[in-house]
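# Structure assessment
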Amino acid sequence: MIVRTFSDASADFVWAWGILPPDVTRPRGEQTTAVFERIERVLKERGMTFANVVRTWFYNDRINDWYAEFNAARTRFFESRDVFNTFLPASTGIGHPNPFGAALVAGVFAMRPKDASAKAVIVKSPLQTDAMTYRSSFSRAAEITCASGRRLFVSGTASILPDSTEVAFPGDYDRQVETAMRAALAIVESRGMTVANVTRAIAYMRDEKTRPAWYRWLSANGLPRTFATVLDAEVCRPDWLFEIEMDAMTRPLAGEIMV
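Figured I'd write up the structure that's included with this text. Model, not experiment: these values are computed from the prediction.

On to the sheet that holds strand β7 (residues 141-146). On the basis of which strands lie adjacent, the open sheet formed by 6 strands has the order β6-β7-β8-β11-β9-β10 and mixed pairing. What marks the edges here is a single partner per strand, and that holds for β6 (119-123) and β10 (229-232). When the angles between neighbouring strand axes are averaged without regard to direction, this sheet yields 15°. In terms of strand pairing, strand β8 (residues 149-157) meets strand β11 (residues 242-249) through 5 bridges, oriented antiparallel. When the sheet's bridge partners are listed, F153 is paired in β11 with D247. Docked against the sheet, helix α3 (residues 173-190) engages β6, β7, β8 and β11, running at close to 20° with respect to β11.

Before going further, it helps to spend a moment on the side chain of R200. Looking at the secondary structure, you find R200 in strand β9 (residues 198-205). Exposure remark for R200: the relative accessible area of 10% places this residue in the buried category. Here E245 takes part through its side chain, which lies 2.8 Å from a polar atom of the side chain of R200.

Of the strand pairs in this sheet, β9 and β10 are connected by 4 bridges, and their pairing is parallel. Bridging from a neighbouring strand, M205 pairs with D232 of β10. Chirality of the crossover, the property in question, places the unit of β9, helix α4 (residues 210-220) and β10 among those that are right-handed.

Right, let's get into the pattern of salt bridges. As a working rule, side chains carrying opposite charge can pair if their charged atoms are close by. A full pass over the atoms with the stated rule returns 17 salt bridges. The shortest N-O distance in the salt bridge between R151 and D247 comes to 2.0 Å. Of this pair, R151 sits in strand β8 while D247 sits in strand β11; the two residues are 96 residues apart in sequence, bridging distant segments of the chain. Just as R151 is buried, D247 falls in that class too. A single network of salt bridges, built from pairs that share partners, joins R55, R151, R200, E245 and D247.

Next up on the list: the nonpolar core. One finds F13, I39, F50, V54 and F109 to be the most contacted residues of the largest nonpolar core, which totals 51 residues. Of all the secondary structure elements, the ones that give two or more residues to this core are β2 (11-19), α1 (28-44), β3 (53-60), α2 (63-80), β4 (90-95), β5 (104-113), β7 and β9. Dropping the residues within four chain positions of it, F50 is found in contact with F36, I39, L43, F77, F78, V83 and P89. Grouped together as the second largest cluster of nonpolar side chains are 29 residues, A141, L152, W217 and A228 included.

The 5 strands are arranged β1-β2-β5-β3-β4 in an open sheet whose pairing can be described as mixed. At either margin of the open sheet sits one strand with a lone partner, and together these are β1 (2-7) and β4. Pairs of neighbouring strands in the sheet enclose a mean axial angle of 5°, with direction left out of account. Direction of pairing for β1 relative to β2: antiparallel, over a ladder of 6 bridges. The partner of V3 across the bridge, within β2, is A16. Its contacts with the sheet place α1 against β1, β2, β3 and β5, and it is angled at close to 30° to β5. Where α2 meets the sheet, it contacts β3, β4 and β5, and its direction lies at approximately 150° from that of β3.

Each value, and the rule that gives it
- Residues numbered from 1 in each chain as written.
- Predicted model: local features only at pLDDT ≥ 70, side-chain atom pairs only at ≥ 80, totals over all residues.
- Heavy atoms only, no water.
- Pairing = 2+ DSSP bridges.
- Helix = DSSP H or I, 4+ residues; strand = E, 2+ residues; numbered from the N terminus.
- Axes fitted to C-alpha atoms, helices over the stretch in contact; angles between N-to-C directions.
- Contact = heavy atoms within 4.5 Å.
- Buried < 20%, exposed > 50% of the residue type's maximum accessible area, 1.4 Å probe, protein only.
- Polar contact = N/O pair within 3.5 Å; in protein donor to acceptor, adjacent residues only side chain to side chain.
- Right-handed = clockwise from strand over helix to strand, strands pointing away.
- Salt bridge = Lys/Arg side-chain N within 4 Å of Asp/Glu carboxyl O.
- Core = buried A, V, L, I, M, F, W, Y, C linked by side-chain atoms within 4.5 Å.

Below, the structure is given as structure tokens:
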């Protein structure tokens, strides 16, 4: 596990990555709970609680086999810590193996304000319903404001149409990429930023046919192939072919480690 702390004039920050369950032989739901408890300990050692968490990442081995179980364990933990009444983090949940035999590996970003000028807000999507509509416990996006500027965390975003919870355009690579990117960038634009403010993005690809569709979208929109890191991964519903996460910033946070 890697843990880094840094500060600016108005807030302290914690970034932790590679958070594993202590016993990888336990059932997957128990491993999930153990990962959340380990996140909580990391934060407590640095004077924070789970209420300070703004963004999470979960890389679940064979995610399509147990995504419902993962969601149930996450929801139980959030209910036990009153997360739904404090701050529901932005998040990515993606399928990817790890060399440790763990059910999942996690990352977290947290902020503790020093004064009233620092704050975190949940950001809704203009083009997609809240994920809680289909019982997935995360916010579409979250934004922090502090002395170093504003940073927007856009959660993992896939192909869902407005007022729907179903996979849009199953089997159609180009339309899924277009739908996901339109939704993610709509969040960015809703916060007064543009694609030029995007500082970090990861594009998750289910199979080799997704890359040509992704590159066609980038070319059509005048963006370089380096716009996002590309990762072959299992998206959390079998019919989703593509998912994107991104950050947008008004200016960099002091001492930040990009993740």
